[in-house]
Amino acid sequence: MPHEHVQSWHSQMMEDGTYVAPKARKINYATMVRVRADIVRRASLSLAKAVTIAVRYSCVRRQTSADAGVKETQVLDFEHVQRTLLPLLASVYALHFAGSEMQAAYERFEHGLQDNDFSALPELHASSSGLKALCTWITADGIETCRRMCGGHGYMQCSGLVQHYGNYVAAVTYEGDNNVMMLQ
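Summary of the structure given here. Here the structure is a predicted model, which means the values were calculated and not measured.

**A look at the nonpolar core**
- If you look at the biggest cluster of nonpolar residues, it comprises 36 residues, and the most contacted ones within it are Leu-85, Phe-109 and Cys-146.
- Every element with two or more residues in this core is listed here: helix H1 (29–60), helix H2 (79–112), helix H3 (121–149) and helix H4 (161–168).
- A total of 10 residues in this core trace back to one element, the largest contributor, which is H1.
- Excluding residues within four positions of it along the chain, Phe-109 makes contact with Ile-27, Ala-30, Asp-117, Phe-118, Ala-120, Leu-121 and Leu-124.

In structure tokens, the structure reads:
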């Protein structure tokens, strides 16, 4: 590979083939932190999609009228449905703000790199690892819960929840197993 094609911000490859290591050995963690910050930020979007589908379905779907001739109750009016979906809706907001702060913290760290300031990296690494695990668990479980709250309709391809869950659940293992991520 020609020397001019070798790109690195923090380490160098000299023309004679000598490798010059970065000043901070753990700078390679910065890329992982960036990916994790993005995973945390996007978790709220994925859960929001599932919660939106489930809440809309629960508003439209009616069932179980005790009296003949009386309009059936909206599914969303059942306490169990509210106790299940409303905390997930609150989680969407919590994940959104956690993701926004994680992204902002990474951007502050990235700005500090111009001055060779790596001091925030250990905390960012630990925070992004734990948040990635927590947010992906909450989101994957939340999407599945939303699918179940739509009853048999949640299993239908047209609900969008089956494919959405299948696409999202891999995020639980991105960047490593969540159990290991929580230990960092």
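Now that the structure has been shown, the text picks up again.
**Considering a nonpolar patch on the surface**
- Among the surface-exposed residues, Leu-86, Leu-89, Tyr-93 and Phe-97 lie close enough to one another that they form a single nonpolar patch of about 420 Å² accessible area.
- Residue Leu-89 is classed as partly exposed on the basis of its relative accessible area, which comes to 34%.

**Focus on the side chain of Lys-132**
- Structurally, the position occupied by Lys-132 is in helix H3.
- Among buried charged residues, Lys-132 stands out as having no salt bridge; its nearest opposite-charge side chain is Asp-177, 7.5 Å away.
- Separated by 3.4 Å, the side chain of Lys-132 and the backbone oxygen of Gly-176 make a polar contact.
- In this view, Lys-132 contacts Arg-36, Ile-39, Val-40, Ala-171, Val-172, Thr-173, Tyr-174, Gly-176, Asn-178 and Met-181; residues no more than four positions away in its chain are not counted.

**Concerning the packing of H2 against H3**
- Across the interface, H2 lies against H3 with an axial gap of 10 Å and an inter-helix angle of 155°. The pairing of H2 with H3 is recorded here as roughly antiparallel in orientation. Considering how the two elements wind past one another, H2 and H3 form a crossing that is left-handed. In this structure, H2 uses His-80, Val-81, Thr-84, Leu-85, Leu-88, Ser-91, Leu-95, Ala-98, Met-102, Ala-105, Tyr-106 and Phe-109 to contact H3, whose residues at the interface are Leu-121, Leu-124, Ser-127, Ser-128, Leu-131, Cys-135, Ile-138, Thr-139, Gly-142, Thr-145, Cys-146 and Met-149.
- For the contact of H2 with H3, the residue count by class is 16 nonpolar, eight polar and no charged.

Cut-offs applied
Residues numbered from 1 in each chain as written. Predicted model: local features only at pLDDT ≥ 70, side-chain atom pairs only at ≥ 80, totals over all residues. Heavy atoms only, no water. Core = buried A, V, L, I, M, F, W, Y, C linked by side-chain atoms within 4.5 Å. Buried < 20%, exposed > 50% of the residue type's maximum accessible area, 1.4 Å probe, protein only. Helix = DSSP H or I, 4+ residues; strand = E, 2+ residues; numbered from the N terminus. Contact = heavy atoms within 4.5 Å. Patch = residues over 30% accessible without salt bridge, like charges linked within 9 Å, V, L, I, M, F, W, Y side chains within 5 Å. Areas by Shrake-Rupley, 256 points an atom, 1.4 Å probe, with all protein chains shown as cover. Salt bridge = Lys/Arg side-chain N within 4 Å of Asp/Glu carboxyl O. Lys, Arg positive; Asp, Glu negative; His and termini not counted. Polar contact = N/O pair within 3.5 Å; in protein donor to acceptor, adjacent residues only side chain to side chain. Axes fitted to C-alpha atoms, helices over the stretch in contact; angles between N-to-C directions. Parallel < 35°, antiparallel > 145°, perpendicular 65-115°, else oblique. Left-handed = near helix turned anticlockwise from the far one by under 90°. Nonpolar A, V, L, I, M, F, W, Y, C, P; charged D, E, K, R; others polar.

No statement about biological role is implied by the geometric values presented.
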